[in-house]
Amino acid sequence: MVEDTGETVRAGAYKPVNAPEIIQVNEDAAGLPVVVKNKRRQRVGYIDDCWRIDDEWWRTEPVSRLYYAVRLASGQKLVIYKDLVTGGWYRQSY
Amino acid sequence: MKILCLLLPHFLLKCEALRRPDITDRPVIITRTSGSQKLVLDFSPELGGLQPDIPLQQALSRHGHAELLSEDMPYYRSVFSGLLDALESISPLVEGTELGCVYIGVDGLQLIYPDDKRLIDAVFRTVPDVFAPQAGIAGNKFLAYLTARRCPPGGRQVLTGDIAAFLRDLPCDMLPVSMKSREKLRLFGLRTLGQLAALPSGPLLSQFGPEGKRIHDLARGYDDTPIYPRMMEKAIEESTLLASVTVSLEALVVSWEKLLGGVFTRINQAGLGIRSMNVWTRTWNAEQWERTIKFKEPAMDVRSVINRIKRVLEEYPQPGPVEQLGLVISRLGFPGGRQNSLFREVRSQDHLMEDIRQLELRLGNPQVYRVKEVEPWSRIPERRYVLAPTSR
C-alpha cells in the first residue's frame, strides 16, 4: 500500500483532445493567410479548402471560426483557423 | 409538547422573487412538467382561481398575461435547506415536512426565550421578509399547523383556550389525510371538524379503517405525531455548467463522471460509498429534470454509479438540450463486504486499476488517461473527445 502523499487528486482532470494551438499567421489584404510560423516561417503555397463554422451564438462566448486547409511551400498540409471573435489564428486538426 | 409551525406560503414563488426582485409585482406562474403535460406548481397570490397541479392551459385561459417560469427544484431546496439550517440555531428539533412548511419543537426554550413573542421574533429574524411567514404555536403538530394557517401573512398566533371551539368550524379539507378519505367525507356530508368530532369513533373506523381513528383524533385536536428532525448527514452537492448546450447522453454522462470523480476522491478515503443520490439537469430554457437513484449496496466507484445513471437517462429522456447538470449525494454508507471476481481478466483489470490509483495517489495527479467520445459529431473539433483519467 502506498502512503497517502496528502495531495489532492484533481477532480476536474478531464482534458480536451485536439485543443487549438495559437499560431502566428500573416494575412494579405483580403485576410487570407500568406505566411505561417509553424516552428519556422513558411509561405502558404495554396489554400486547399476553406469553411466557416458559427455556433453557440446565443451564449456569451460564441464560436465563429474560418478554417483553411493550406499547403505550405514545403508541401506540408496544415489546418488553421481564424477566430472571428478575437481575431487570433490557431492550428487545429479537423 | 409545544410545537411551532412556520408556514411560508407560495414558497417557490418567493424563492424566485429572492433572486429576481423584478417579478415581485408581476403575475407569475411557476410550471412543472409531468410527462408531456405542463402543470401549475405555484403562482402569484393575486391570480385567483388557480390551484397547484392544474393544467397550465387551464391557468392560462384565466390569466393569459401571467409570466411563466419553469421550476428550479434544486434552488428551492437549497434555499429551504438554508432556512432549516438557520432555524436549527434556535432549536435542534426542526422538521421541514415540505417546501414552505416547518415544525419546530420549542419545549424547554423558556430560559432563552422567556415568552412566545420573543421566540417567534427570533424565528422571524431568521427568515427573509420576502417570505411573509405565518407562525402558530400549539400543543401538537396539527393544531400548530391550523393555527399558523389562520394567521395573515407575517402574522403569529398562540393557540390557547377552548380547542374544541377553535376546531369546530374548520373545514374537513384541512385534515392531513388522503385525498380519497377527504372525498369520502365530502360524500358523507361531513364538512367541518366539529361534525366529525361529534361522531363516535366506531363508524369512522368501520368506514375509513385505521385512518378513521386518525381522522377522529385529529378532529378532536389530538395528534401524537412526533417531530422528525433532519438527518444530520451532510449532503454533497456538485454541479457544472456544460461547455455547450447538448442533447448527447454521452456528453452528460462524461460530465457526471467528472463530478462523481470529485465526490469519490472525497469519500473513498473514508471508505464510504454512495447509498442514495439525486441527479438533475437544467435545460437551456430552464426546464428541470430530476431523478433519485438508490443503491442496495453502497456504490464504491464511479463506474457502478455511471451505469445506473445511464439506465436512468435512457428510461427518462431529457426535456430538452441540457445546459447545466448536477448531483446531490444524500446518503453515504460503508460496504458490507466485497468479493473478487472469479474471472482472471476481470481480476487483472482490477489490479491494473488499483496500480494506477496507487500511482496517482503517490504522484498527486491523474497519470493515465483514456480517450472518451463526448460529441463525436460536433462541428467544434475540441468538443468531440476528451482525455479521461483511467482511474475514475
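Quantities reported herein were computed from a predicted structural model and do not represent experimental measurements.

Colleague: How should I be thinking about the overall build of chain A in this particular structure?
Modeller: Helix and strand content of chain A: zero helices and eight strands. Moving toward the C terminus, one meets the helices and strands of chain A in the order β-β-β-β-β-β-β-β. Per-residue burial for chain A yields a buried fraction of 15% across its 94 residues. Across chain A, the fraction of contacts at a sequence separation of at least 24, relative to all contacts at a separation of at least 6, is 34%.

Colleague: Sorry, what's going on with the interface of chain A and chain B here?
Modeller: For interface size, the figure often reported is the accessible area lost on association. Each partner contributes to the interface: chain A provides 23 residues, whereas chain B provides 22 residues. At the level of elements, strand 1 (15-16) and strand 5 (40-55) of chain A are the ones that each hand at least two residues to the side of chain A that touches chain B. Here the side of chain A that touches chain B is built from residues that sort into twelve nonpolar, five polar and six charged. Alignment of strand 1 of chain A against strand 14 (residues 385-389) of chain B, held across two bridges, turns out to be antiparallel. Each bridged residue has a counterpart across the sheet, and for A:Pro16 the counterpart in strand 14 of chain B is B:Val386.

Colleague: Got a minute to help me understand the sheet that holds strand 5 of chain A in this structure?
Modeller: The strands that make up a sheet pair up through hydrogen bonds in the backbone, lying either parallel or antiparallel. Residue and element names in this part refer to chain A. In space, the seven strands of this open sheet follow the order 2-8-7-6-5-4-3, with antiparallel pairing throughout. Of all the strands in the sheet, just strand 2 (21-22) and strand 3 (24-27) have a single pairing partner and so form its edges. Sheet analysis places strand 2 next to strand 8 (residues 89-91), joined by two bridges and oriented antiparallel. Each residue of the ladder has a partner; that of Ile-22, found in strand 8, is Tyr-90.

Colleague: Help me understand the sheet that holds strand 4 (residues 67-70) of chain B in this model?
Modeller: Residue and element names in this part refer to chain B. Reading across from one edge, 3-2-4 is the order of the three strands in this open sheet, with mixed pairing throughout. The open sheet has two free edges, formed respectively by strand 3 (37-43) and strand 4, since each of these has just one partner strand. Adjacent strand axes in the sheet meet at a mean angle of 40°, parallel and antiparallel pairs treated alike. Bridging between strand 2 (residues 28-34) and strand 4 involves four bridges; their strand directions are parallel. Counted as the bridge partner of Ile-29 is Leu-68 from strand 4. The sheet contacts of helix 1 (residues 11-19) involve strand 2, strand 3 and strand 4, and relative to strand 2 the element is tilted by about 115°.

Colleague: Would you explain the environment of B:Ala132 in this entry?
Modeller: All names here are of chain B. Along the chain, the position of Ala-132 falls in the loop between helix 4 (116-126) and strand 7 (134-138). Look at Ala-132 and you get partly exposed, because 17 C-beta atoms sit within 10 Å. Through-space distance from the C-alpha of Ala-132 to that of Leu-7 is 8.8 Å; in sequence the pair is 125 residues apart. Not counting chain neighbours up to four residues away, the residues in contact with Ala-132 comprise Pro-9, Pro-153 and Gly-154.

Colleague: I keep staring at the confidence of the model for chain B and nothing clicks. Help me out?
Modeller: Caution applies to low-pLDDT parts of the model: their predicted coordinates are not meant to be read in detail. Residue and element names in this part refer to chain B. Averaged over every residue, the pLDDT of chain B is 87; the share at 70 or more is 97%. Confidence scores differ between elements of chain B, with helix 13 (residues 344-363) showing the lowest mean pLDDT of 78 and strand 1 (residues 3-7) the highest of 94. The complex model carries a pTM of 0.60, and its ipTM stands at 0.82.

Colleague: In this structure, what is going on with the environment of B:Lys372? I would like to understand it.
Modeller: Residues and elements named next belong to chain B. Within the element layout of this structure, Lys-372 appears in strand 13 (residues 369-373). Sequence spacing of Lys-372 and Tyr-385 is 13 residues, and the spatial spacing of their C-alpha atoms is 5.5 Å. Not counting chain neighbours up to four residues away, the residues in contact with Lys-372 comprise Val-254, Tyr-385, Val-386 and Ala-388.

Colleague: Can you help me understand the packing of helix 1 of chain B against helix 3 (residues 73-87) of chain B in this one?
Modeller: Packed helix pairs are specified by the crossing angle of their axes together with the interaxial distance, meaning the distance between the axes. Residues and elements named next belong to chain B. Closest axis-to-axis distance for the helix 1/helix 3 pair is 10 Å, and the angle between their directions is 90°. Comparing their axes, helix 3 and helix 1 come out roughly perpendicular. On helix 3, the residues touching Leu-12, Cys-15 and Leu-18 of helix 1 are Tyr-75, Tyr-76 and Val-79. Among the residues forming the contact of helix 1 with helix 3, the class breakdown is six nonpolar, no polar and no charged.

Colleague: Can you walk me through the nonpolar core in this structure?
Modeller: Soluble globular proteins tend to pack their nonpolar side chains together in the buried interior. Residues and elements named next belong to chain B. If you look at the biggest cluster of nonpolar residues, it comprises 54 residues, and the most contacted ones within it are Ile-3, Leu-4, Cys-5, Leu-6, Ile-104 and Ala-144. Take this core: its biggest share by element is six residues, from helix 5 (residues 141-149). Counting residues domain by domain, this core receives three or more from each of domain 1 (3-158) and domain 2 (163-219). Ile-3 has contacts with Tyr-103, Ile-104, Gly-105, Val-106, Ala-138, Asn-140, Lys-141, Ala-144 and Ile-227, leaving out every residue within four places of it along the chain. One finds Phe-264, Ala-299, Val-305 and Leu-327 within the second-largest nonpolar core, a separate group that totals 24 residues.

About the cut-offs
- Residues numbered from 1 in each chain as written.
- Chains lettered and ligands numbered in written order.
- Predicted model: local features only at pLDDT ≥ 70, side-chain atom pairs only at ≥ 80, totals over all residues.
- Helix = DSSP H or I, 4+ residues; strand = E, 2+ residues; numbered from the N terminus.
- Buried ≥ 20, exposed ≤ 12 C-beta atoms within 10 Å, placed from the backbone.
- Contact = placed C-beta atoms within 7 Å.
- Nonpolar A, V, L, I, M, F, W, Y, C, P; charged D, E, K, R; others polar.
- Pairing = 2+ DSSP bridges.
- Axes fitted to C-alpha atoms, helices over the stretch in contact; angles between N-to-C directions.
- pLDDT = per-residue confidence, 0-100.
- Parallel < 35°, antiparallel > 145°, perpendicular 65-115°, else oblique.
- Core = buried A, V, L, I, M, F, W, Y, C linked by C-beta atoms within 7 Å.
- Domains from an automatic or database assignment.

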